[in-house]
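Examining the three-dimensional arrangement
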Amino acid sequence: MTKKITPSLSSDTVKPAGKNLTARIIVWVLLVCVVTGVVFAIRQRRAWAPAPQGRPAPVVKKEVTCSDRLAQCQREKGQLLVRIQEAQTAHVPARTFELSMNLAQQLTAGLPFATTLAALQSELPTQRSLDELSERLAAYTQQGVPTMVQLQQRLADLLRQQTTKAPTATSGAWYQQVWNYVRHMVTVRPTHFSNCRKDTCRLAKALQELQEQRLTAAIKTLEDVMPTTAVSQLLEDMKARAFVADYLAQFTTTQEAAQ
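Residues numbered from 1 in each chain as written. Predicted model: local features only at pLDDT ≥ 70, side-chain atom pairs only at ≥ 80, totals over all residues. Heavy atoms only, no water.

What follows deals with the overall build of the chain. Along the backbone of the chain there are nine helices and zero strands. Traced from its N-terminal end to its C-terminal end, the chain shows the element sequence α-α-α-α-α-α-α-α-α. The contacts in the chain between residues at least 6 apart in sequence include a share of 63% that link residues at least 24 apart. For the chain, the exposed area adds up to about 19900 Å²; of that, 59% sits on carbon and sulfur atoms. (Helix = DSSP H or I, 4+ residues; strand = E, 2+ residues; numbered from the N terminus. Contact = heavy atoms within 4.5 Å. Areas by Shrake-Rupley, 256 points an atom, 1.4 Å probe, with all protein chains shown as cover.)

What follows is about the state of the cysteines. With the rule as written, the count across this model stands at one disulfide. The disulfide partner of C196 is C201, and the gap between their sulfur atoms is 1.8 Å. In this structure, the disulfide formed by C196 and C201 twists by about -50° around the S-S bond and is classed as left-handed. Across the pair, exposure class does not vary: C196 and C201 are buried alike. (Disulfide = S-S within 2.5 Å. Buried < 20%, exposed > 50% of the residue type's maximum accessible area, 1.4 Å probe, protein only.)

Relative to the helices and strands, E209 resides in helix α7 (residues 199-211). Nearest to the buried, unbridged E209 among oppositely charged side chains is R214, at 4.2 Å. A distance of 2.9 Å separates a polar atom in the side chain of E209 from a polar atom in the side chain of T221. Ignoring anything within four residues of it in the chain, the contact list for E209 reads R214, A217, A218 and T221. (Lys, Arg positive; Asp, Glu negative; His and termini not counted. Salt bridge = Lys/Arg side-chain N within 4 Å of Asp/Glu carboxyl O. Polar contact = N/O pair within 3.5 Å; in protein donor to acceptor, adjacent residues only side chain to side chain.)

Within the largest apolar cluster, 21 residues are counted, with the highest numbers of intra-cluster contacts made by L155, L210, L215, L222, L234 and M238. Among the secondary structure elements, those contributing two or more residues to this core are α5 (148-163), α7, α8 (215-222) and α9 (229-258). Here the element with the most residues in this core is α5; it accounts for six residues. Here M238 is in contact with L151, L210, L215, A218, I219 and L222, once residues within four sequence places are set aside. (Core = buried A, V, L, I, M, F, W, Y, C linked by side-chain atoms within 4.5 Å.)

Evaluation of the coordinates by the stated rule reveals seven salt bridges. Between E236 and R136 there is a salt bridge whose closest N-O contact spans 3.7 Å. Pair noted here: E236 is in helix α9 and R136 is in helix α4 (residues 128-136), with a separation of 100 residues, a long-range link. With relative accessibility at 37%, the residue E236 sits in the partly exposed group.

With respect to the element layout, V244 can be found in helix α9. Counting along the chain gives 140 residues from V244 to A104, while the straight-line C-alpha distance between them is 9.0 Å. Contact partners of V244, with chain neighbours within four places excluded, come to L107, L137 and V145.

Our next topic: a nonpolar patch on the surface. On the surface, L21, I25 and V29 cluster together into a nonpolar patch covering about 270 Å² of accessible area. Within the secondary structure, L21 is located in helix α1 (residues 11-48). Residue class for L21 comes out exposed when judged on its relative accessible area of 53%. (Patch = residues over 30% accessible without salt bridge, like charges linked within 9 Å, V, L, I, M, F, W, Y side chains within 5 Å.)

The subject of this paragraph is the environment of S122. Looking at the element boundaries, S122 is found in helix α3 (residues 114-123). Judged by its relative accessible area of 54%, S122 falls in the exposed class. Separated by 26 residues in the primary sequence, S122 and T96 place their C-alpha atoms 9.8 Å from one another. One polar contact links the side chain of S122 to the main-chain carbonyl oxygen of A119, over a distance of 2.5 Å.

Positive phi, close to 65°, is recorded for Q213, a residue that is not glycine. Overall, the relative accessible area of 53% leaves Q213 in the exposed class.

Below is the structure:
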């Protein structure tokens, strides 16, 4: 009878296989832990630390910044130009008003106004009233238009010349000398002007009308006086003052309407 023998693995052969499996498991676990730790550390580092900047990124960022800055500068320049134009537009009426006031004051006071009128015409080249003023008062721009007081004084001088008689040859008698002195010192002027037939009466009437600020009436009265050089020049000056009075009245009305 034959004995069956069951082969079996020796202890030396089985043990090494179990140890290898365990070692492999431990190695894999360790590797997984190490990889997980490394990945976690990398993620933490990326979360907390700023990302390193490479060379291409700053170039792109700088180009975008310069472009934006240039566009902003252009916008600011455009806004500045608009503000300058608005300031210039606001400055023109102010300068025009100042020149107009200066011209009005010079015309009122009988002062030269050539420079002011030229400056105002350059500001308002299409102003018809200024062209008419320049044409009508061309002879007065350097000397000024005589004032009402000056016109009254000149008319009074003309009247005095008409009423003062020229000295006559005096006799040796004392009473004749006294009479000539009295006639020279006493001036007789008419006081009623309803029907003036002499130049003396007309001059006196024109003077009274001037003193009453009735310039138009005085001009009409003086036109009936015998024309002499002095009378013609005085009449022309009175007409110039009348034109100035009309211009100043229109100027005042315009300023009140603008306000």
